[in-house]
Amino acid sequence: MTRSYFCVLILSLLLQACSNNRGVPEAPPEPEPRAPAVGQVQLKTAAASVWPLDVGIAVFDQGLDNRTQGARVFPTVRKAESLLIPVTLSSYLEDSGAWGAVRVVHSNEVFMPLILDGEILRADGAVLELQLRFRAADGSLLLERIYRDEATASDYPVKPGGEPFDDIYRAISNDLLEIAGALTQEQRLNLQRLSLMRFAATLSPASFERFVTTQADGGYSLASFPADGDPMLLRLARVRRQDDLFIDAVDEQYADLRGDVEDSYALWREYNYELQRFGDDYRTTASERKSTARRGTFAAMQQVYASYRKVKIQEEDLRELVKGFSGESLETVLEVDDGVFRLSGSVQDRYAQWRQILTRINALETGGQLPGTP
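Report on the accompanying structure. These numbers were taken from a predicted model, which means no experiment stands behind them.

Parameters and conventions
- Residues numbered from 1 in each chain as written.
- Predicted model: local features only at pLDDT ≥ 70, side-chain atom pairs only at ≥ 80, totals over all residues.
- Heavy atoms only, no water.
- Salt bridge = Lys/Arg side-chain N within 4 Å of Asp/Glu carboxyl O.
- Helix = DSSP H or I, 4+ residues; strand = E, 2+ residues; numbered from the N terminus.
- Pairing = 2+ DSSP bridges.
- Axes fitted to C-alpha atoms, helices over the stretch in contact; angles between N-to-C directions.
- Parallel < 35°, antiparallel > 145°, perpendicular 65-115°, else oblique.
- Left-handed = near helix turned anticlockwise from the far one by under 90°.
- Contact = heavy atoms within 4.5 Å.
- Nonpolar A, V, L, I, M, F, W, Y, C, P; charged D, E, K, R; others polar.
- Buried < 20%, exposed > 50% of the residue type's maximum accessible area, 1.4 Å probe, protein only.

Moving on: the pattern of salt bridges. Scanning the model with the defined rule gives 14 salt bridges in all. Between Asp-175 and Arg-145 there is a salt bridge; the shortest N-O distance is 2.7 Å. You can see Asp-175 sitting in helix α3 (residues 166–181) and its partner Arg-145 sitting in strand β5 (residues 141–150), a full 30 residues away along the chain. Taken together, the shared-partner salt bridges connect Asp-54, Arg-103, Arg-240, Asp-244 and Asp-248 into one network.

Structure below.
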């Protein structure tokens, strides 16, 4: 057995093993689209209302439990995308000029006048497909729709500050703007007050549950509202501002993490776009585009392995960057009334800690009991 043949054999076995163990995957069959592509869309803008509504965009469901058969999903990257997509969308909503505060929040259980959540159906650099739900504080479903956008060769490589799926974000922003534009000033004020009273009822049920009525269908309505200037309302407004401090701090951390990962993510999407574009035999096609080496030769196989290594390095870079997206390694430091609070753990854990602190602050100031105490 010659040395050249032996090297080819070893490299062939190595590539096969790598392919079976999280290597460069073969392109799966094209999943059936669940919605037509949005096409070319221009972002609509509007002057802010007298009562501009705050909107929360919850971190998206990764969609790993409801995958389209044949779709390629890398859990590490999808975990990042569940946050990257809401953060990107928030910038388009802000550019529309039609909203109050636009915040990316860790859960759709945060009390805001309007909340958007969604699930990633497909995200592979070639297609972005999302299922979104837009709800009001009264529990009503204002929008439920699947959005789809398709990238083209001109979208890659991604330019600094660019976005291959501009149109899907513009389409979503335009639809939400249209919904908000149809709300009357009275409806806007009612949603703001209802979200505040629902928040208050979790802090002090004895004091605030009477202001909110739960409907038979699970919705909510405003039974009444404290009079302007009521000391209880003034205290509540201050506690709500403190709650917003936490939400704003986490929103800023999300934006910072996006800045850290966006370059690697852009390269990852470009690679996946090419994988979709060139089909099942991408690895061989990629090597043949760069060399005249005959397929199956040692030189050609070296190029395939070089391509594999490049992708693996890229995946590992993303893996390291995405660690922070779980929020496990982050700490939130908040200053309230000359007191400094350090919160640690996951975002959900930190928010739970913060709500407990706010509940105690409210109980101390009002002389009331903590929820759940006799």
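Okay, the pairing of β5 next. Examined bridge by bridge, strand β4 (residues 127–136) and β5 share nine bridges and lie antiparallel to one another. Residue Arg-133 lies in a different strand from β5, and its bridge partner there is Glu-144. In sequence, β4 turns back onto β5 through a hairpin of four residues, with Gly-139 there showing a positive phi of about 90 degrees.

Between helix α2 (residues 75–96) and α3, whose axes approach to 9 Å, the crossing angle comes to 55 degrees. Here α3 runs oblique to α2, going by the angle between their axes. Once α2 is placed against α3, the crossing between them reads as right-handed. In contact with Ile-85, Thr-88, Leu-89, Tyr-92, Leu-93 and Ser-96 of α2, α3 contributes Asp-166, Tyr-169, Arg-170, Ile-172, Ser-173, Leu-176 and Leu-177. For the contact of α2 with α3, a count of residues per class yields eight nonpolar, three polar and two charged.

Further remarks concern the environment of Val-73. Positionally, Val-73 belongs in the loop between β1 (55–58) and α2. By relative accessible area, which is 14% here, Val-73 ends up buried. Between the alpha carbons of Val-73 and Ala-123 there is a distance of 8.1 Å; along the sequence they are 50 residues apart.

The values are spatial; any link to function lies outside them.
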